[in-house]
Amino acid sequence: MTGVEIDLVVSDSLKALEYYEKIFDIERVEVSDFPKGENEVIFSLYGVRFHMLDENPKFELIAPSQDDPKTIWFNVIVPDIKDTYTKAMELGCIEVQAVTDLPDYGISNAMFIDPFGYLWMLHQVYKEVSHEERLKLWEEKRDSM
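In this text the structure is predicted, and so the values were computed from the model without any measurement.

How should I be thinking about the sheet that holds strand 3 (residues 40-45) in this particular structure?
The pairing of strands in a sheet comes from backbone hydrogen bonds and takes either a parallel or an antiparallel form. Here we have four strands laid out as an open sheet, ordered 1-4-3-2, and mixed in their pairing. Looking at which strands have only one partner, the edges of the open sheet turn out to be strand 1 (5-10) and strand 2 (26-31). When strand polarity is set aside, the average angle formed by the axes of neighbouring strands in this sheet is 25°. Bridging between strand 3 and strand 4 (residues 48-54) involves six bridges; their strand directions are antiparallel. Bridge assignment links L45 to a residue of strand 4, and that residue is V48. Sitting on the sheet, helix 1 (residues 13-23) touches strand 1, strand 2, strand 3 and strand 4, and the angle it makes with strand 2 is about 165°.

Whenever I open this one, unusual backbone geometry confuses me. Can you help?
For residues besides glycine, phi is generally negative; the peptide bonds are generally trans as well. One non-glycine residue, Y46, lies in positive phi territory at about 50°. Within the secondary structure, Y46 is located in the loop between strand 3 and strand 4. We note that E60 has phi near 65°; this positive angle belongs to a residue other than glycine. Its location among the elements puts E60 in the loop between strand 4 and strand 5 (73-77).

Got a minute to help me understand the pairing of strand 3 in this structure?
Side chains on a regular strand alternate between the two faces of the sheet. Most of strand 3 sits out of view: five of its six residues are buried. In terms of strand pairing, strand 2 meets strand 3 through five bridges, oriented antiparallel. What sits directly across from E30, in strand 3, is I42. Hairpin connection from strand 3 to strand 4: two residues lie between these consecutive antiparallel strands, with Y46 at a positive phi of about 50°.

Where do I start with the side chain of N109 in this structure?
Turning to its location among the elements, N109 is positioned in strand 7 (residues 107-113). A polar side-chain atom of N109 sits 2.5 Å from a polar atom in the side chain of Q97. Every residue in contact with N109, bar those within four places of it in the chain, is listed here: I81, Q97, A98, V99, T100, L102, M121, L122 and H123.

How do you make sense of the pattern of salt bridges when you look at a structure like this?
A side chain with one charge can pair with a side chain of the opposite charge if their charged atoms come near. The final tally for this structure, using the stated rule, is four salt bridges. With a shortest N-O distance of 3.4 Å, D83 and K87 are connected by a salt bridge. Within this pair, D83 and its partner K87 are both found in helix 2 (residues 81-90), separated by four residues, close to a single helical turn. By relative accessible area, which is 30% here, K87 ends up partly exposed. D104 is paired through a salt bridge with K141; the nearest N and O atoms lie 3.2 Å apart. With D104 in the loop between strand 6 (94-102) and strand 7 and K141 in helix 3 (residues 131-143), this pair connects stretches of sequence that are 37 residues apart. A relative accessible area of 41% places D104 in the partly exposed class. Looking at K141, the relative accessible area reads 34%, which means it is partly exposed.

Rules and cut-offs
- Residues numbered from 1 in each chain as written.
- Predicted model: local features only at pLDDT ≥ 70, side-chain atom pairs only at ≥ 80, totals over all residues.
- Heavy atoms only, no water.
- Pairing = 2+ DSSP bridges.
- Helix = DSSP H or I, 4+ residues; strand = E, 2+ residues; numbered from the N terminus.
- Axes fitted to C-alpha atoms, helices over the stretch in contact; angles between N-to-C directions.
- Contact = heavy atoms within 4.5 Å.
- Buried < 20%, exposed > 50% of the residue type's maximum accessible area, 1.4 Å probe, protein only.
- Polar contact = N/O pair within 3.5 Å; in protein donor to acceptor, adjacent residues only side chain to side chain.
- Salt bridge = Lys/Arg side-chain N within 4 Å of Asp/Glu carboxyl O.

Take a look at the structure:
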């Protein structure tokens with residue numbers, strides 16, 4: 001077997017799974033049911049496999065927190081950014097960047113930190129803009145700064 005998955009440590013993987021299911025269209029793959037500190041969850045989000053493990057210092061599994069987030073984020077392209085972002089805010093996520101329209105680039109994006117200390121970026125793509133076009137737009141904007 002070959003493949004790639006994103007692994008992350010959270011304070012409580014069962015609680016995190018229920019939380020993420022309220023924001024995203026999650027497909028459960030494997031979910032254990034052990035005491036807190038021993039659980040793991042595997043789920044798929046738009047075809048990407050995530051593997052969450054309970055925080056367990058005995059095994060050097062330390063979760064980030066909202067006060068000490070890690071410099072990694074998950075970038076999720078969603079069909080309706082305002083709906084997804086609203087769900088996250090209603091569930092108590094911390095706003096990093098509100099929904100921001102970037103019409104020249106054909107996208108909107110937003111960022112938030114969840115209660116488990118992870119940073120999420122949302123994108124909604126309205127139109128395809130080529131890599132070359134994005135480079136040209138950036139150069140033009142950079143030169144006018």
